[in-house]
Amino acid sequence: MNIISLLSFNILLLQNSSKKDISDTYEDDTDLLARFVINSQGVKIGESIAVHHDILIVKDKDVFLGIPLKHVSFEGKKLLAKGLIDTTKAKKLGNTWKKETYKEITYPDEDD
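**Structural notes on the environment of asparagine 39**
- Of note, asparagine 39 is situated in the loop between strand 1 (36-38) and strand 2 (44-52).
- Sequence-wise, asparagine 39 and glycine 83 are 44 residues apart; in three dimensions their C-alpha atoms are separated by 7.7 Å.

**Describing the pairing of strand 4 (residues 63-68)**
- As defined by bridge partners, strand 3 (residues 55-60) adjoins strand 4 across six bridges and the pair is classed as antiparallel. Bridge pairing in strand 4 links aspartate 60 to valine 63.

**Regarding unusual backbone geometry**
- Of note, the phi angle at alanine 34 is positive, near 60°, even though the residue is not glycine.
- Within the element layout of this structure, alanine 34 appears in the loop between helix 1 (3-18) and strand 1.
- According to the relative accessible area criterion, alanine 34 is exposed, its value standing at 59%.
- Positive phi, close to 55°, is recorded for lysine 61, a residue that is not glycine.
- Note on lysine 61: relative accessible area 69%, which makes it exposed.

**Concerning the layout of surface pockets**
- In this model, the largest pocket occupies a volume close to 210 Å³.
- Ile55, Gly66, Ile67, Pro68, His71, Lys82, Leu84, Ile85, Asp86, Lys89, Ala90 and Leu93 together form the lining of the largest pocket.
- Listed by contribution, the elements that provide at least two residues to the lining of the largest pocket are strand 4 and helix 2 (87-101).
- For the lining of the largest pocket, a count of residues per class yields seven nonpolar, two polar and three charged.

**A word on the side chain of asparagine 39**
- The class for asparagine 39 is buried, based on a relative accessible area of 15%.
- Discounting residues that sit within four places of it in the chain, asparagine 39 has contacts with Ile45, Leu80, Ala81 and Ile85.

**Remarks on the pairing of strand 5 (residues 72-75)**
- Where strand 5 meets strand 6 (residues 78-81), four bridges bridge the pair, whose relative direction is antiparallel. Note that in strand 6 the partner of phenylalanine 74 across the bridge is leucine 79.
- From the end of strand 5 to the start of strand 6, which pair antiparallel, there are two residues, and glycine 76 there has a positive phi angle of about 70°.

**Topic: the environment of phenylalanine 64**
- Inspection of the secondary structure puts phenylalanine 64 in strand 4.
- Classification of phenylalanine 64 by relative accessible area gives buried; the value is 3%.
- Once the C-alpha coordinates of phenylalanine 64 and lysine 91 are considered, the two residues, 27 residues apart in sequence, prove to be 6.1 Å apart.
- The contact partners of phenylalanine 64, leaving out residues within four places of it in the chain, are Ile49, Ile57, Val58, Lys59, Ala90, Lys91, Gly94, Asn95, Trp97, Lys98 and Tyr102.

What counts and how
- Residues numbered from 1 in each chain as written.
- Predicted model: local features only at pLDDT ≥ 70, side-chain atom pairs only at ≥ 80, totals over all residues.
- Heavy atoms only, no water.
- Helix = DSSP H or I, 4+ residues; strand = E, 2+ residues; numbered from the N terminus.
- Pairing = 2+ DSSP bridges.
- Buried < 20%, exposed > 50% of the residue type's maximum accessible area, 1.4 Å probe, protein only.
- 1 Å grid on protein atoms, 1.4 Å probe; cavity = no way out; pocket = protein on both sides within 12 Å on 5 of 7 lines; lining within 4 Å.
- Points joined across faces, edges and corners; volume = space filled by probe spheres on them.
- Nonpolar A, V, L, I, M, F, W, Y, C, P; charged D, E, K, R; others polar.
- Contact = heavy atoms within 4.5 Å.

The following block contains the structure:
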């Protein structure tokens, strides 16, 4: 092995070892909740409202998105959805979560 190959190998090893899975960087699911979620361009895509199995649920207006946790990392106080987001699949995951677990609260009228 020449010196350039050895240096290249060490650099790659160092880069890969410094990347942490998000599951290693938080205590429990509540650390992921009520945070703004941005995409790789820094654009806000919504706010995290739940973790369902290995999916982060993000709400933006009336749309629910499901983003796999393996594609999420901390970016300061925000969460970063890494890479390109397949919005069709994300909406499908979000809608599945909504049908399974989401319950809207209704309040009785005060006239009653």
